[in-house]
Amino acid sequence: APNLYVDTTFRNSADMRKMVELFGEDKVLFGNDRPFGTLSCSLKAAFEAFGKGTPLSEKVMFSNAAKLMKMI
């Protein structure tokens, strides 16, 4: 589905990797659990799943959402 996106909210690193496998790296957006969780926990799980400073983490953490909102 071209208009379907998923986010990483309330997901562990294994689930995040599975989301990329199932939906593709262009369809996964970083999500934060606040106020029910902390930003640091969400970031830790995302960096465990995608690495820090990798092309995949750049997509999930920023580029996918920016493209969706036509910022880039």
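Everything quoted here is computed from the prediction, not taken from an experiment.

Chemist: Tell me about the overall build of the protein chain, and please be specific about residues and values.
Modeler: Each helix and strand in the protein chain was counted, giving 3 helices and 2 strands. At 11 Å, the protein chain has a C-alpha radius of gyration in line with the 11 Å of a compact globule built from 72 residues. In terms of overall dimensions, the protein chain has a C-alpha envelope of 30 × 25 × 25 Å along the principal axes. Out of the 72 residues belonging to the protein chain, those deemed buried represent 31%.

Chemist: Before we move on, could you go through the packing of aromatic side chains and cite the residues and values that matter?
Modeler: The tally for this structure, following the rule as stated, stands at 0 aromatic pairs. Between Lys27 and the ring centre of Tyr5, over which it is positioned, the NZ or CZ distance is 4.3 Å.

Chemist: Help me get a handle on the nonpolar core, residues and values and all.
Modeler: One finds Val6, Met16, Met19, Val20, Val28, Ala45, Ala46, Ala49, Phe50 and Val60 forming the largest nonpolar core, which totals 10 residues. For this core, the elements supplying multiple residues, two or more each, are α1 (13-23) and α2 (39-50). In terms of residue count, α2 provides more of this core than any other element does, 4 residues in total. Those residues in contact with Val28 that sit more than four places away from it in its chain are Val6, Thr8, Met19, Val20, Lys59, Val60 and Asn64.

Chemist: Describe α1, and please don't skip the residues or the numbers.
Modeler: Buried within α1 are the following residues: Ser13, Met16, Met19 and Val20. For α1, the angular spread of the buried residues around the axis is 110°, confining them to a single face. Away from the buried face of α1 by more than 90 degrees, exposed residues Glu21 and Leu22 are located. On its buried face, α1 is in contact with β1 (6-7), β2 (28-29), α2 and α3 (55-68). Here α1 starts with a cap whose side-chain oxygen sits 3.1 Å from the backbone nitrogen of Ala14, and that cap is Asn12. Looking one or two residues beyond α1, the residue adopting positive phi is Gly24, at roughly 95°.

Chemist: Got a sec to walk through unusual backbone geometry? Specific residues and values, please.
Modeler: Cis geometry is adopted by the peptide bond preceding Pro35, which originates at Arg34 and carries an omega value of 5°. Looking at where Pro35 falls in the secondary structure, it is placed in the loop between β2 and α2.

Chemist: Give me the lowdown on the packing of α2 against α3, citing residues and values where you can.
Modeler: Two elements in contact, α2 and α3, have axes whose closest approach is 9 Å; the angle formed by their N-to-C orientations is 145°. Every pair of crossing elements has a handedness; the one defined by α2 and α3 is right-handed. On α3, the residues touching Leu43, Ala46, Phe47 and Phe50 of α2 are Leu56, Ser57, Val60 and Met61.

About the cut-offs
- Residues numbered from 1 in each chain as written.
- Predicted model: local features only at pLDDT ≥ 70, side-chain atom pairs only at ≥ 80, totals over all residues.
- Heavy atoms only, no water.
- Helix = DSSP H or I, 4+ residues; strand = E, 2+ residues; numbered from the N terminus.
- Rg over C-alpha atoms; globule rule 2.2 N^0.38 Å.
- Buried < 20%, exposed > 50% of the residue type's maximum accessible area, 1.4 Å probe, protein only.
- Phe/Tyr/Trp six-rings, centres within 6.5 Å; stacked < 30°, edge-to-face > 60°.
- Lys NZ or Arg CZ within 6 Å of the ring centre and 35° of its normal.
- Core = buried A, V, L, I, M, F, W, Y, C linked by side-chain atoms within 4.5 Å.
- Contact = heavy atoms within 4.5 Å.
- Arc of directions from axis to C-beta.
- Polar contact = N/O pair within 3.5 Å; in protein donor to acceptor, adjacent residues only side chain to side chain.
- Axes fitted to C-alpha atoms, helices over the stretch in contact; angles between N-to-C directions.
- Left-handed = near helix turned anticlockwise from the far one by under 90°.

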